[in-house]
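# Secondary and tertiary structure notes
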Amino acid sequence: MRKQKKVSDSYVIMTELVLPNDTNTLHNLMGGKMMHWMDIVSAIAAQKHSNRIVVTASVDNVSFAESIKLGNVVTLEAKVTRAFNSSMEVHIVVYAEDIPSGKKVMSNQAFFTFVAVDQLGNPIDVPEAIPETEDEVKLYDGALRRRQLRLVLAGRMKPSEANELRSIFDIKDDTQV
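What this report covers is the structure whose coordinates are included nearby. (Residues numbered from 1 in each chain as written. Predicted model: local features only at pLDDT ≥ 70, side-chain atom pairs only at ≥ 80, totals over all residues. Heavy atoms only, no water.)

Further remarks concern the overall build of the chain. Within the chain one finds 3 helices and 7 strands. Counting from the amino terminus, the chain carries its helices and strands in the arrangement β-β-α-β-β-β-β-β-α-α. When its C-alpha atoms are laid out on the principal axes, the chain stretches across 60 × 40 × 35 Å. Of all intrachain contacts in the chain linking residues separated by at least 6 positions in sequence, the fraction that spans at least 24 positions is 68%. As presented, the chain carries roughly 10100 Å² of accessible surface, and 52% of it is formed by carbon and sulfur atoms. In the chain, 21 side chains carry a positive charge and 23 a negative one; their mean positions are 2 Å apart. (Helix = DSSP H or I, 4+ residues; strand = E, 2+ residues; numbered from the N terminus. Contact = heavy atoms within 4.5 Å. Areas by Shrake-Rupley, 256 points an atom, 1.4 Å probe, with all protein chains shown as cover. Lys, Arg positive; Asp, Glu negative; His and termini not counted. Charge placed at Lys NZ, Arg CZ, Asp CG, Glu CD.)

Laid out in structure tokens, this is it:
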């Protein structure tokens, strides 16, 4: 039987201060710096879940809902949403806070996928992720669809094999004519 871990056991919070070297000429946080921080916090969450070295396998869409300004405090929250064989999907939510004004906004959300590896770099099995809260269950339930979409877009799965996506895209079984 596969080992199990609660989703909440992988929860990680990371806080950063946006300094001048982190910004572009408009004094907004550079997107590459944001992705760097997101990769770190999500890797820590994946490592906590798997107790293994992890490598980034994919990054879903990262877009800014709100710009993050020089001097803002950035809080990144990450947790494993679901574990497959050796891979784990991690959900990251990013908040930007202007402490003097008291304004806090959700700036980004994304899903990163990590693969746990052994000392030789070979994929290794990870514990199953057990969701407990309603939000964790929703993220867990959607993870298989997101995984199949990633695999289809990467050319590693035929759309007709993506059973969770078939109903969304109304894909007919290609064995029937």
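Here the narrative resumes, following the displayed structure.
Locating N108 in the fold gives a position in strand β6 (residues 103-117). Of note is the side chain of N108, whose polar atom sits 3.2 Å from the backbone oxygen of S63. Engagement of the side chain of N108 in a polar contact is seen with the side chain of S107, the distance being 2.5 Å. Once you skip the residues sitting within four places of it in the chain, N108 turns out to touch M34, M38, V62, S63, F64, I68, I92, V93 and V94. (Polar contact = N/O pair within 3.5 Å; in protein donor to acceptor, adjacent residues only side chain to side chain.)

The backbone of H27 shows a phi angle near 65°, a positive value even though the residue is not glycine. One non-glycine residue, N51, adopts positive backbone phi at about 55°. Locating N51 in the fold gives a position in the loop between α1 (31-50) and β3 (53-59).

Here we come to the environment of V117. Mapped onto the elements, V117 comes out in strand β6. Exposure remark for V117: the relative accessible area of 9% places this residue in the buried category. Distance in space between the C-alpha atoms of V117 and K79 is 19 Å, their sequence separation being 38 residues. Residues in contact with V117, not counting those within four places in the same chain, are R52, I53, V55, N122, P123 and I124. (Buried < 20%, exposed > 50% of the residue type's maximum accessible area, 1.4 Å probe, protein only.)

With that out of the way, let us pick up the side chain of T113. Here T113 shows up in strand β6. The buried category is assigned to T113, whose relative accessible area is 11%. Ignoring any residue separated from it by four or fewer positions in sequence, one finds T113 in contact with V55, T56, A57, S58, S87, M88 and R150.

Applying the stated criterion across every chain yields a total of 1 aromatic pair. Relative to F114, the ring of F112 lies with its centre 6.4 Å away and its plane at 20°, an arrangement referred to as stacked. Like F114, F112 is buried. The ring of Y140 has R82 lying over it, and the distance from NZ or CZ to the ring centre is 4.2 Å. Lying across the ring of F111, R146 places its NZ or CZ 4.0 Å from the centre. (Phe/Tyr/Trp six-rings, centres within 6.5 Å; stacked < 30°, edge-to-face > 60°. Lys NZ or Arg CZ within 6 Å of the ring centre and 35° of its normal.)

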